Every structure is written in structure tokens, then in C-alpha cells.
Amino acid sequence: MPVAKVNGVDVEFEPGMTVLQVAERAGEEIPRFCYHERLSIAGNCRMCLVEVKPGPPKPQASCALPAADGQEIFTDTPMVRKAREGVMEFLLINHPLDCPICDQGGECDLQDQAMGYGRDGSRYAENKRAVEEKHMGPTIKTYMTRCIQCTRCVRFITEVAGVPDIGMISRGESAEITTYLESSVNSELSGNVNDLCPVGALTHRPWAFHYRPWELKKTETIDVMDALGSNIRADARGSEVMRVLPRVHEGINEEWLSDKSRYVVDGLTTRRLDRPFVRENGKLRAASWDEALGVVADRLKAASADLVGVVAGDLQDAESMKAALDLFRALGSAHTDCRQDGSPLGGDTREGWLFNSGLAGIEAADAVLIVGADPRVEAPLLNTRLRKIWLSGQAEVALIGEQVDLSYDYNWLGTGSKTLSKLPKAATDMLSRAERPAIIVGAGALAGETGPAVLNALGALAKKYGVIADGWNGFNVLHTAASRVGGLDMGFVPGEGGLSATDMVKKGQLDVLFLLGADEIDASASGAFTVYLGSHGDRGAHGADVILPGAAYTEKSGLYVNTEGRVQMAERVVFPKGQAKEDWAILRALSERVGHTLPYDTLDQLRGKLMADHPTFGRIDYLAPAAAFDPSKLGVKGDLGDVAFASPIRDPYLSNPIARASATMAELSAQRIAPVAMAAE
Amino acid sequence: MRAVVTLLIGAFALTACGEPASEPADAPAVGAPAAPKTAAGPSATPVTLSEAMMGTACRAGVGAVYGQPGADVTVLDRAGSVITVGWRAPVDGGQLTAECRIDGNRVLWRPLDRPVAGENRWMDQPGDPVVTYSLDGSTLTVSLSLPDGTTTTTAEAVTTEEEAR
Ligand code: SF4
Ligand code: FES
């Protein structure tokens with residue numbers, strides 16, 4: 001391995017590394033604005049200057065200079081210090097220095113580096129230039145006078161998001177960052193540019209002037225807006241979650257976050273269920289916990305065991321699902337289901353419902369067949385990885401389903417099951433050519449009556465083309481619900497003779513229907529006595545006879561299993577609202593009243609039982625290497641029919657109760673539909 | 001295939017009196033008033049459109065409502081007189097869809113993707129925007145009148161290629 005000297009210390013490095021990276025490896029801090037590990041190198045801020053020998057007797061930009069064997073790198077000489085001070089002085093010439101009113105204040109690279117590497121005064125007495133604010137959409141607030149033209153925003157939106165909507169116009173002192181004709185940034189990842197902007201030029205519009213960063217209590221937790229389980233940090237002030245930022249997890253979200261996961265937080269404060277309600281004479285009225293639980297218990301006790309059932313929602317934590325499953329099994333009911341969309345997934349083979357290659361692992365694939373999924377809408381941060389392998393030329397991508405814009409080119413094979421039954425030659429060629437082919441199956445392909453047959457056909461396809469081979473398992477199910485894999489892992493599916501979720505809500509099937517945060521299923525025709533346990537006054541609560549207020553995902557500690565089968569623990573950021581309680585505790589209290597007391601008094605005991613019954617829950621943040629399995633046994637062999645595959649997420653910004661309560665999500669949804677249509681609808 | 005444009009005398013008389021033209025049997029009742037007449041709006045000349053031209057009118061009409069160029073809206077399906085059209089969602093490129101049918105000189109549509117089922121209805125109620133079209137030779141003019149009185153008109157040339165879509 002080549003060796004360079006950093007401030008006199010020998011450091012080994014891999015060929016291709018830059019001087020900045022080698023210096024970092026040696027533990028030296030190099031200030032930078034434009035350089036970012038996950039973006040291309042621009043080399044335009046000049047803040048990373050170092051002295052390098054051999055080389056010209058002047059400071060050089062370390063981020064753009066390849067390291068070489070025998071090189072001597074100096075990061076703290078008088079020449080380097082003077083050069084940095086000079087660069088900083090230049091950067092601040094036109095900067096407004098309005099830190100006291102800037103949302104970036106307190107967490108600003110420019111502020112920090114000016115303190116660390118700048119002069120203590122300015123020699124510039126002329127007028128500063130001012131740049132007009134730009135409109136960039138509902139997520140980005142601009143204050144372009146603060147911009148230092150590092151172009152991080154331009155490079156992110158072009159390279160990672162794949163939407164070349166932000167660019168720099170003019171040059172020299174007139175250079176400005178803007179969107180084309182000041183239109184909104186058309187990306188589901190737009191909020192990341194606010195994180196990347198090293199100054200306060202781009203800040204989070206929905207949170208503008210809402211907080212100062214040092215006022216916030218920071219909690220590391222897990223996102224539930226899709227099934228990826230992105231790692232987040234939720235910052236709260238008092239009882240309110242003020243913002244959500246991404247945490248780095250190389251296996252899941254790298255360091256990005258989708259706009260939905262980030263800006264949904266205002267939905268945590270509105271439309272909340274903060275006390276129990278009981279329906280009386282057709283109207284809901286507030287009730288005490290004692291009364292509400294008593295009414296539910298009486299109904300459950302009076303109903304025959306085969307006439308009570310529970311449906312678990314998409315945002316539920318594993319513990320509350322386990323408590324509900326144990327309770328209904330104790331009552332003698334087999335009617336339990338976590339698949340609101342009627343998916344046929346479940347059974348004995350865990351690999352049959354996992355994203356087996358792993359989210360990071362998909363980057364090893366050289367051919368990807370997407371069936372009935374829109375990864376850009378359903379899992380934006382999986383889509384960025386697919387874009388990455390497409391961009392590098394490493395993988396071909398083909399799609400059966402809606403012809404959507406994935407931000408990269410793909411071979412569109414057809415709309416649905418007919419294409420799957422007779423796969424075009426282009427697809428068979430692609431799969432047989434590949435060494436590590438992958439199939440991504442979305443909920444859109446598995447919904448409806450043909451779902452089991454489609455699953456079976458995809459399993460057969462996977463077997464035929466070696467999608468599961470030695471050391472490689474490319475059979476990937478892409479879920480859209482954060483709770484789904486956890487539910488399937490614990491067997492939250494109908495027991496023997498039990499009804500599926502879609503059957504449970506049919507007229508006259510049940511006497512008591514318990515909706516555990518289930519808002520995406522229409523239970524209005526059921527006619528059953530309906531109990532809703534959840535956090536928001538949304539669809540599930542509207543038709544309920546009793547409402548039991550539960551905790552939202554930021555208000556409880558809970559386990560979630562992501563689409564690749566990785567168990568992660570979400571932490572409580574704030575306490576549940578009003579009289580609301582953690583879901584498992586409500587179910588535990590109810591169990592006592594129905595005479596089937598659940599065998600756990602604390603969350604730890606419940607987790608212990610969950611892990612004892614289903615050992616996969618015992619390894620937090622562990623991604624088991626995908627075992628080989630026989631995919632041809634999945635589903636049921638049958639006629640595929642002629643069904644068009646459509647993503648179940650029709651509007652990603654309004655796909656769950658928290659999102660529907662969020663003003664920012666409503667704004668994003670309106671932008672997605674286009675302003676004219678909003679006036680129309 | 002060139003569209004065959006035929007003047008329908010009976011429908012002309014009905015529409016000229018402000019009455020909606022007859023509807024397909026399975027379509028919901030049209031409760032909206034006749035299209036507001038504006039100086040910029042197209043003439044309310046009712047015509048019988050070929051299937052292909054109905055698709056073109058739907059693409060242009062729905063495109064006007066959703067701020068999309070007609071060329072970016074595609075016909076996905078036809079079931080009798082109801083045509084399903086789709087276009088790419090701004091922001092994330094997902095697919096948005098709507099059903100559309102031609103009623104006299106009006107283009108009626110029903111969004112299919114609104115999360116609240118009740119919002120996925122035919123936009124033919126009083127207070128809904130009104131989209132009308134007219135065909136003059138090879139120029140298709142679509143006029144969108146919003147409830148606040150604003151009217152926008154777009155015209156596009158209908159080529160043989162387009163008609164076939
Ligand atoms: S807006 Fe921010 S990220 Fe974009 S170029 Fe300016 S300083 Fe850099
Ligand atoms: S970080 Fe090296 S030039 Fe900007």
C-alpha cells in the first residue's frame with residue numbers, strides 16, 4: 001500500500017484516495033465546505049487548502065488532489081493558516097453575517113469554521129452584494145445572500161436524487177443558485193439539500209423560525225413512514241417533536257432521508273386522539289379509561305370467539321402486535337391479520353417475505369427486475385441505490401408495472417400479470433446474462449385475487465434464473481408498511497380457519513372488530529362493534545364505537561423490523577398526548593378485564609416473551625445473511641389473469657394517519673397533483 | 001387515421017339551449033351548468049369524435065386541469081365511452097390517473113388517486129371547474145374555466161400521429 005506523511009507521520013492509504021482523505025485518516029481535521037463524501041468533487045470553495053511536497057510552493061485544495069506515494073502533507077503550517085484565513089475572509093465578504101436571525105445558527109459550518117480558521121475582523125468596507133430569495137418549493141427556504149456557491153445542493157439533486165432541478169447561473173460575483181424559472185424542486189428527497197447546505201442559504205421551510213437547535217432534546221430513533229426503517233434523530237422541545245433529521249446508517253439510509261419521513265412531524269400534533277371515546281346514540285362522547293375498557297371488555301366477553309377479530313395497522317410496533325395477537329389467541333379467535341392490503345405473504349419461510357439481498361446488498365446486483373413496485377414512491381432511499389448502480393453502468397433495470405419516472409432509465413416490459421406469464425425476451429435475456437440477478441416484488445403485484453398466483457410465478461422465475469444461488473439471494477419483497485415484516489415474523493396472520501383482514505371487514509363476518517392502528521382498510525360495511533386503538537382521528541377512528549387513544553411512533557419505545565428483516569428499536573422522544581397510553585399497556589389492561597391477563601407486566605417482560613417465541617426479534621440491528629430457500633414453493637400455482645400492477649401508494653404524502661394530519665404533507669401532495677387540479681378538487 | 005368529424009344536428013340543438021348532451025348509460029348524472037361562455041373560449045360546437053380523437057381531447061382536457069402538456073398525458077385504457085388517462089406526478093414521478101369522457105363539448109373527468117374515496121368523483125358538480133373543447137380543422141382548443149372565473153385556453157395541432165395514441 002502507498003504511504004504518505006501527514007505532518008511528519010507515516011500513513012498508509014489506498015490508491016485513489018485524495019490528500020484530504022489521507023489527512024483525515026491520520027486524524028487531522030481539514031476544514032471544507034464544498035467537499036462531501038457522497039458527492040462528486042467540485043473543488044470550488046478552497047477551504048481545504050494544505051501544503052504538499054513535492055509540488056508547487058503554494059497551498060493546494062486537498063479535496064481535489066490525489067494522494068501519491070511518498071507525498072508529504074502539511075495541514076497546519078503558517079502558509080496554510082494564512083491561506084485559510086484568506087479564503088474565509090473572501091467567503092465572508094458578501095455573507096450577511098446575520099447569524100442571530102438565521103435558522104442555521106448554532107449548527108452552521110460557516111459559523112464554526114469562521115471561529116476556528118478565520119480572522120477576527122474584516123477589511124471589507126464596501127457594500128455587500130444581495131441576492132434575491134428564490135422559490136424552491138414547500139420544503140426549501142432560501143436566503144441566497146448567504147450562499148457561498150459550494151454547489152453541494154446542485155450536485156446532490158443531480159447526482160443522488162436524479163433530478164437536475166437546481167443549478168448555478170451567471171458567473172463571478174453574479175453567480176446565483178436557483179431552480180429553472182424558480183419552479184419547485186421536483187424531488188422526494190429535496191429536504192436533504194437543506195442538510196447539505198453548509199450555510200443558512202437553504203433551510204427547512206416547514207420549520208423556519210420554529211426553534212433554535214440548542215433548545216432541542218435529541219433522541220435517536222427509527223422512521224416508520226416506509227418499510228426501510230431509516231435511522232433518524234428526532235429533536236423535541238417540551239412535548240412537541242420539532243424536527244426529524246437523518247442519522248448515518250450505511251446499510252439503510254446512508255445519510256439521506258425522504259421528505260415524507262422528515263417533514264411529517266407536524267402531523268404528530270394535529271388530529272390527535274387524547275382521550276377515550278365511546279359511541280352513544282350514534283355520537284362519540286368522551287369517556288374515562290375505565291368506562292371505555294369496560295365497554296370493550298363486555299363486548300369481547302359477550303361475543304363468540306369465532307366472531308371477534310383484530311387487524312393491525314401499518315405503523316404498529318412489534319410489542320403491541322404481540323400483545324394483541326396473544327390476547328386474541330387467548331380469547332380463542334383465529335381472526336388476526338396485519339395485511340390490510342390483502343397480500344398473500346406469510347407462512348413458514350421467512351425469506352419468502354424479506355428483501356433478501358439487503359438494501360445495501362442490492363448494489364451488488366447486475367440485473368434488477370422490478371415487478372409491481374414504484375421504488376421511488378414506496379422507498380425513495382432504495383431507489384437512490386438502484387439509481388447508483390444504474391448510473392455506474394453496473395446493472396440493467398427492467399420493470400413490469402406502471403410506467404413511472406424512476407429518475408433513471410429502465411426497460412419497461414409491460415403493465416401486469418399478462419407480461420409476467422409470458423416474459424419478453426429482453427427480460428429473460430437480462431436475467432440469464434446476469435451473475436447476480438435480483439427481483440424486487442412490490443405490494444402492487446401481490447394484491448388481489450391473483451396475488452398468490454403472481455407470487456408463485458415469481459418464485460418459479462427466481463428459481464429458473466438463479467436469483468437464489470450460492471452466496472446470493474436476490475429475491476426481494478419490497479414492503480410499504482413499517483410494521484409488516486414484524487407482523488409476519490410473529491405470525492400475525494389468520495390462524496387455522498381464520499379470516500383475512502379483507503374478509504373480516506365484510507358485512508356480518510364479525511361481532512367485534514378490533515382495529516389496532518388500522519386506518520388503511522375500509523371497515524364501514526362490517527356492521528361489527530368496532531374498537532379503534534390508535535393515535536389519530538383518522539379513518540379507523542371515524543367509524544369506531546370505542547376509541548382507545550394510543551401512542552404515535554415517537555411516543556413509545558418499540559421494535560420494528562424493516563423490509564430486509566433487520567430488527568431496530570425506536571425510542572420514546574416525547575410522552576403520549578393527553579390521556580393516551582402506550583398501545584401494549586392498553587392491551588394489557590384490556591386483557592385483565594376480559595379474564596385472560598397477558599403474562600407480562602412491563603415492556604421488558606413483553607419483549608422477553610416476544611424474543612422467546614420468535615428469536616429473530618432478539619438481535620437488534622443485525623442483518624442475518626439471507627439463507628437459500630426454494631422460491632418455487634411460494635404462493636399458489638394458478639392463472640395469472642390479466643391484471644395491471646399498480647403501486648398501492650397512490651399518494652405517498654397522504655398514505656397514513658400521521659401524514660394525513662400534516663399540513664406540510666398536504667402541501668407536498670398538492671404540489672404533486674399540480675396547483676390547477678387542487679383548485680379543481 | 002384521420003378523425004372523422006361529423007356535425008351532430010340534434011346534439012347541436014340541445015347544447016345550444018344550454019342542455020347537456022345525452023350521457024352514456026353507466027355514467028353518473030351531470031349536474032353542472034353548461035360551460036361558461038368566455039370571449040377566449042372555444043365555440044360550443046358539438047361534434048361526434050372518433051375514438052382516437054376522444055382520447056386526444058381527454059389527454060388535452062385532463063392535461064389542462066393538471067397542468068400537464070397534453071403530450072405528457074397518455075391513454076391507458078378504454079372501457080366504452082370512459083377513457084383512463086395517466087401522467088407522471090411532479091415531485092416523485094409516480095403515476096397519476098383519471099377517467100375521462102366526452103359529453104357534448106365538455107371534457108368530464110374523475111380523479112382516481114385521491115386518498116379519500118369521496119374525492120374520486122366525476123367533476124361535474126356545480127362549482128367544479130369546466131373543461132370544454134372545440135375542434136377547428138386540425139386544431140384542438142381546450143378551455144378550462146375555474147370556479148373563480150379564471151379561464152385558460154390552450155390550442156394544439158392534432159396530427160395523424162397524435163390521433164393514433
Ligand atoms: S445554496 Fe447552500 S448548498 Fe447550495 S451552493 Fe449555496 S451554500 Fe452551497
Ligand atoms: S473542500 Fe476542497 S475546495 Fe472545497
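Residues numbered from 1 in each chain as written. Chains lettered and ligands numbered in written order. Predicted model: local features only at pLDDT ≥ 70, side-chain atom pairs only at ≥ 80, totals over all residues. Heavy atoms only, no water.

## Quick word on the overall build of chain B
For chain B, the count of helices and strands is 3 helices and 9 strands. Each helix and strand of chain B, ordered N terminal to C terminal, gives the series β-α-β-α-β-β-β-β-β-β-β-α. Residues counted as buried form 50% of the 165 residues belonging to chain B. Here the contacts in chain B between residues at least 6 apart in sequence split such that 48% fall between residues at least 24 apart. When the accessible surface of chain B is split by element, carbon and sulfur atoms take 58% of a total near 7300 Å². (Helix = DSSP H or I, 4+ residues; strand = E, 2+ residues; numbered from the N terminus. Buried < 20%, exposed > 50% of the residue type's maximum accessible area, 1.4 Å probe, protein only. Contact = heavy atoms within 4.5 Å. Areas by Shrake-Rupley, 256 points an atom, 1.4 Å probe, with all protein chains shown as cover.)

## Here we look at the site of ligand 1
As a structural note, the neighbourhood of ligand 1 is formed by 13 residues, with Cys-147, Cys-150, Thr-151, Cys-153 and Cys-197 of chain A the closest of them. A per-class count over the shell around ligand 1 returns 11 nonpolar, 2 polar and no charged. (Near = heavy atom within 4 Å. Nonpolar A, V, L, I, M, F, W, Y, C, P; charged D, E, K, R; others polar.)

## Digging into the state of the cysteines
All names here are of chain B. Inspection of the entire model under this criterion finds 1 disulfide over all chains. Residue Cys-58 pairs covalently with Cys-100 via a disulfide, S to S 2.0 Å. What sets the handedness of the Cys-58 and Cys-100 disulfide is the S-S torsion sign, and at about -85 degrees it is left-handed. Of this pair, Cys-58 sits in helix α2 (residues 51-65) while Cys-100 sits in strand β5 (residues 95-103); the two residues are 42 residues apart in sequence, bridging distant segments of the chain. (Disulfide = S-S within 2.5 Å.)

## Considering helix α21 (residues 663-673) of chain A
Residue and element names in this part refer to chain A. Taking burial as the measure, the 11 residues of α21 include 8 buried ones, the bulk of the element. Here α21 has its buried residues at Thr-664, Met-665, Leu-668, Ser-669, Ala-670, Gln-671, Arg-672 and Ile-673. Regarding α21, its N-cap is Ser-662, as a side-chain oxygen of that residue lies 3.3 Å from the backbone nitrogen of Thr-664 further along. Where α21 ends, the next residue or the one after it, Ala-674, has phi of about 95 degrees, a positive value. (Polar contact = N/O pair within 3.5 Å; in protein donor to acceptor, adjacent residues only side chain to side chain.)

## What about the UniProt feature "domain: 4Fe-4S Mo/W bis-MGD-type" (unreviewed entry) in chain A?
Mapped onto this numbering, the UniProt entry gives "domain: 4Fe-4S Mo/W bis-MGD-type" (unreviewed entry) at residues 216-272 of chain A. Structurally, residues 216-272 of chain A is divided into 9% helix and 35% strand, and its ends, taken at the C-alpha atoms, are 22 Å apart. (UniProt positions renumbered as here; feature names shortened; annotations may be inferred.)

## Let's talk about the sheet that holds strand β2 (residues 9-12) of chain A
Hydrogen bonds between backbone atoms are what pair the strands of a sheet, whose relative direction is either parallel or antiparallel. Residue and element names in this part refer to chain A. Sheet architecture is open: 5 strands sit in the order β2-β1-β5-β3-β4, paired in mixed fashion. One side of each edge strand has no neighbouring strand; the edge strands of this open sheet are β2 and β4 (60-61). Pairing of strand β3 (residues 49-53) with β4, which is carried by 2 bridges, proceeds in the antiparallel orientation. When the bridges of β4 are listed, Val-50 appears paired with Gln-60. (Pairing = 2+ DSSP bridges.)

## Overview of the interface of chain B and chain A
As a measure of interface size, the accessible area lost when the parts come together is often cited. Contact residues are listed per partner, giving 25 residues for chain B and 27 residues for chain A. Considering only the surface of chain B that becomes buried against chain A, Val-91, Asp-92 and Gln-95 of chain B emerge as the three largest contributors, covering 32% of it. Asp-92 of chain B is paired through a salt bridge with Arg-672 of chain A; the nearest N and O atoms lie 2.9 Å apart. Counting across the interface, chain B meets chain A through 8 residue pairs in polar contact (both at pLDDT 80 or more). Listing elements by their share of the side of chain B that touches chain A, those giving two or more residues are α2, β5 and β6 (106-111) of chain B. Ranked by residues supplied to the side of chain B that touches chain A, first place goes to β5 of chain B with 3 residues. For the side of chain B that touches chain A, the residue count by class is 15 nonpolar, 5 polar and 5 charged. (Buried area = accessible area lost by both parts, 1.4 Å probe. Salt bridge = Lys/Arg side-chain N within 4 Å of Asp/Glu carboxyl O.)

## So, the pattern of salt bridges
Residue and element names in this part refer to chain A. If you walk through the whole model with that rule in mind, you get 64 salt bridges over all chains. One salt bridge in this structure joins Asp-98 and Arg-146, with 2.9 Å as the shortest N-O distance. With a gap of 48 residues between them, Asp-98 in the loop between α2 (78-93) and α3 (109-117) and Arg-146 in the loop between β6 (140-142) and α4 (152-160) connect regions that are remote in the sequence. Here Arg-588 and Asp-601 are joined by a salt bridge, their closest N and O atoms 2.6 Å apart. In this pair, Arg-588 sits in helix α18 (residues 583-593) while Asp-601 sits in the loop between α18 and α19 (603-613), placing the two residues 13 residues apart along the sequence. Through salt bridges that share partners, Arg-38, Glu-250, Glu-254, Glu-255, Glu-363, Arg-385 and Lys-388 make up one connected network.

## A word on the UniProt feature "domain: 4Fe-4S His(Cys)3-ligated-type" (unreviewed entry) in chain A
When the UniProt feature table is mapped to this numbering, "domain: 4Fe-4S His(Cys)3-ligated-type" (unreviewed entry) covers residues 79-118 of chain A. Within the segment residues 79-118 of chain A, helix and strand shares are 60% and 0% respectively, and the terminal C-alpha atoms sit 14 Å apart.

## Some words on the packing of aromatic side chains
Per the counting criterion, the structure on display carries 6 aromatic pairs over all chains. Ring centres of Trp-207 of chain A and Tyr-263 of chain A lie 5.0 Å apart, and the angle between their planes is 55 degrees; this geometry places the pair in the tilted category. Highlighted residues: Trp-207 of chain A in the loop between β9 (202-204) and β10 (217-222) and Tyr-263 of chain A in helix α6 (residues 259-263), separated in sequence by 56 residues. The exposure class of Tyr-263 of chain A is buried, given its relative accessible area of 0%. Between Trp-390 of chain A and Tyr-408 of chain A, the aromatic rings sit 6.1 Å apart at their centres with planes inclined by 35 degrees, giving tilted as the arrangement. Linking Trp-390 of chain A in helix α10 (residues 380-391) with Tyr-408 of chain A in the loop between β18 (396-400) and β19 (411-414), this pair joins segments that are 18 residues apart in sequence. What makes Tyr-408 of chain A buried here is its relative accessible area of 5%. The ring of Tyr-143 of chain A carries the charged tip of Arg-146 of chain A above its face, separated from the ring centre by 3.9 Å. The side chain of Arg-101 of chain B reaches across the aromatic face of Trp-122 of chain B, ending 4.5 Å from its centre. (Phe/Tyr/Trp six-rings, centres within 6.5 Å; stacked < 30°, edge-to-face > 60°. Lys NZ or Arg CZ within 6 Å of the ring centre and 35° of its normal.)

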